[in-house]
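# Fold and geometry: a report
This is what each chain is made of:
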Amino acid sequence: MDNQAQEQTEQPQVYLISPPSFELARFSEQLSRVLDAVDVACVRLDLASRDEDMLSRASDALREVTIARDVALVISDHQVLAERMGLDGVHLTDASKSVRTARKALGNDAIIGSFCGASSHDGMTAGEAGADYVSFGPIGASGLGDGAQAEADLFQWWSQMIEVPVVAEGGLTEDTIRKIAPFTDFFGVGDEIWRCEDPLAALQRFQSAMGS
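Conventions we followed
Residues numbered from 1 in each chain as written. Predicted model: local features only at pLDDT ≥ 70, side-chain atom pairs only at ≥ 80, totals over all residues. Heavy atoms only, no water. Helix = DSSP H or I, 4+ residues; strand = E, 2+ residues; numbered from the N terminus. Rg over C-alpha atoms; globule rule 2.2 N^0.38 Å. Buried < 20%, exposed > 50% of the residue type's maximum accessible area, 1.4 Å probe, protein only. Contact = heavy atoms within 4.5 Å. Areas by Shrake-Rupley, 256 points an atom, 1.4 Å probe, with all protein chains shown as cover. Lys, Arg positive; Asp, Glu negative; His and termini not counted. Charge placed at Lys NZ, Arg CZ, Asp CG, Glu CD. Pairing = 2+ DSSP bridges. Axes fitted to C-alpha atoms, helices over the stretch in contact; angles between N-to-C directions. Salt bridge = Lys/Arg side-chain N within 4 Å of Asp/Glu carboxyl O. Expected span 1.5 Å × (residues − 1). Polar contact = N/O pair within 3.5 Å; in protein donor to acceptor, adjacent residues only side chain to side chain. Parallel < 35°, antiparallel > 145°, perpendicular 65-115°, else oblique. Left-handed = near helix turned anticlockwise from the far one by under 90°. Nonpolar A, V, L, I, M, F, W, Y, C, P; charged D, E, K, R; others polar. Right-handed = clockwise from strand over helix to strand, strands pointing away.

This part covers the overall build of the protein. Across its full length, the protein holds nine helices and eight strands. A compact globule built from 212 residues should have a C-alpha radius of gyration of about 17 Å, and the protein, at 16 Å, falls within 12% of that. Burial statistics for the protein: of 212 residues in total, 53% are counted as buried. In the protein, 58% of the contacts between residues at least 6 apart in sequence involve partners at least 24 apart. Surface summary for the protein: the accessible area is close to 9,800 Å², and the carbon and sulfur share equals 45%. Each charge class in the protein can be summarised by its mean position, and for the 16 positive and 34 negative side chains these summaries are 4 Å apart.

Laid out in structure tokens, this is it:
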């Protein structure tokens, strides 16, 4: 995941987030269809379940889909599973607290991301601790974090001042995407598309908004 934010000349990339629950075979097919049609930088397995067997089976299935298409796959929080299942890294949801621990466990080549809500301080701390990217959100109405929204001026400041790549996620609509697109490297797209009858068509509408 490379930083494109400085003097942003290209539209943001897509960072796909799985639904919190899904039927494995059906979602693998949906994901395959989306990845075959859209250039995606990274996929995050973000299951709500804490069942190790379920997480392992999902990791295996999604890894088959992503590795065949040369797309990175990370998992939310479970760094031990990330290492055991041969995933590309981990996305941490406790702001900057676990970044150093995860880096030490997974090594320099792993992708380590950190969700930092709407806090520039947490984002800077995560970056200093070695995060490859930080994510801020929600950028619209969403159940993410404590309900505080990450405003456009946070992303604008970050893109001008900080080199660590940034992801905007949570509460995405075509309008919020257009507002944030000039200042972010990635959009974390999840349930906004998966709850639609045609996730690929929904994602393509979002992509159009990213470039408009």
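This is not the end of the story, as more comes after the structure.
Taken in spatial order, the eight strands close into a barrel running β1-β2-β3-β4-β5-β6-β7-β8, and their pairing is parallel. Going from strand to strand, the sheet's axes swing by 25° on average, the running direction of each strand aside. Two elements, strand β4 (residues 89–92) and strand β5 (residues 111–115), share four bridges in a ladder whose sense is parallel. When the sheet's bridge partners are listed, Leu-92 is paired in β5 with Ser-114.

As a working rule, side chains carrying opposite charge can pair if their charged atoms are close by. Within this structure, the stated rule accounts for nine salt bridges. In this structure, the salt-bridge partner of Asp-36 is Arg-69, at a minimum N-O distance of 2.7 Å. Here Asp-36 is found in helix α1 (residues 24–37), whereas its partner Arg-69 is found in the loop between α2 (52–67) and β3 (72–76), with 33 residues between them in sequence. As a salt-bridge pair, Glu-169 and Arg-44 come within 2.8 Å of each other at their nearest N and O atoms. A residue pair is termed long-range when its members are at least 10 positions apart, and Glu-169 in strand β7 (residues 166–169) and Arg-44 in strand β2 (residues 40–45) qualify at 125 residues. When its relative accessible area of 3% is taken as the criterion, Arg-44 is described as buried. Three or more residues joined by partner-sharing salt bridges are found here, namely Glu-174, Asp-175 and Arg-178.

For the rest of this paragraph, the subject is α2. The end-to-end C-alpha separation of α2 is 22 Å, in line with the 22 Å expected for 16 residues at 1.5 Å each. The set of residues buried in α2 consists of Leu-55, Ser-56, Ala-58, Ser-59, Ala-61, Leu-62, Val-65 and Thr-66. As for α2, its buried residues are in contact with α1, β2, β3 and α3 (79–84). Where α2 begins, one side-chain oxygen reaches toward the backbone nitrogen of Asp-53, 3.3 Å away; that side chain belongs to Asp-51.

The relative placement of two packed helices comes down to the angle between their axes together with the axis-to-axis distance. Between α1 and α2, the shortest axis-to-axis distance is 10 Å and the interhelical angle comes to 25°. Relative to α2, the element α1 is oriented roughly parallel. By crossing handedness, the relation of α1 to α2 is classed as right-handed. Together, Leu-24, Phe-27, Ser-28, Leu-31, Ser-32 and Leu-35 of α1 and Arg-57, Ala-58, Ala-61, Leu-62, Val-65 and Thr-66 of α2 make up the contact between the two elements. Per-class residue counts for the contact of α1 with α2 are eight nonpolar, three polar and one charged.

Within the secondary structure, Ser-49 sits in the loop between β2 and α2. Residue class for Ser-49 comes out buried when judged on its relative accessible area of 19%. A polar contact of 2.9 Å, which involves the side chain of Ser-49, links it to the backbone nitrogen of Asp-51. Setting aside anything within four residues of it in sequence, one finds Ser-49 in contact with Pro-20, Met-54, Leu-55 and His-78.

Let us look at the pairing of strand β8 (residues 186–189). Alternating residues of β8 divide into Phe-186 and Gly-188 and Phe-187 and Val-189, and every residue in both groups is buried. Pairing of strand β1 (residues 13–17) with β8 involves four bridges; the strand directions are parallel. Note on β8: the bridge partner recorded for Tyr-15 is Gly-188. As paired strands, β7 and β8 are joined by three bridges and run parallel to one another. Considered in β8, the bridge of Val-167 is made with Phe-186. Each parallel crossover has a hand, and the one from β7 via helix α7 (residues 174–180) to β8 is right-handed.

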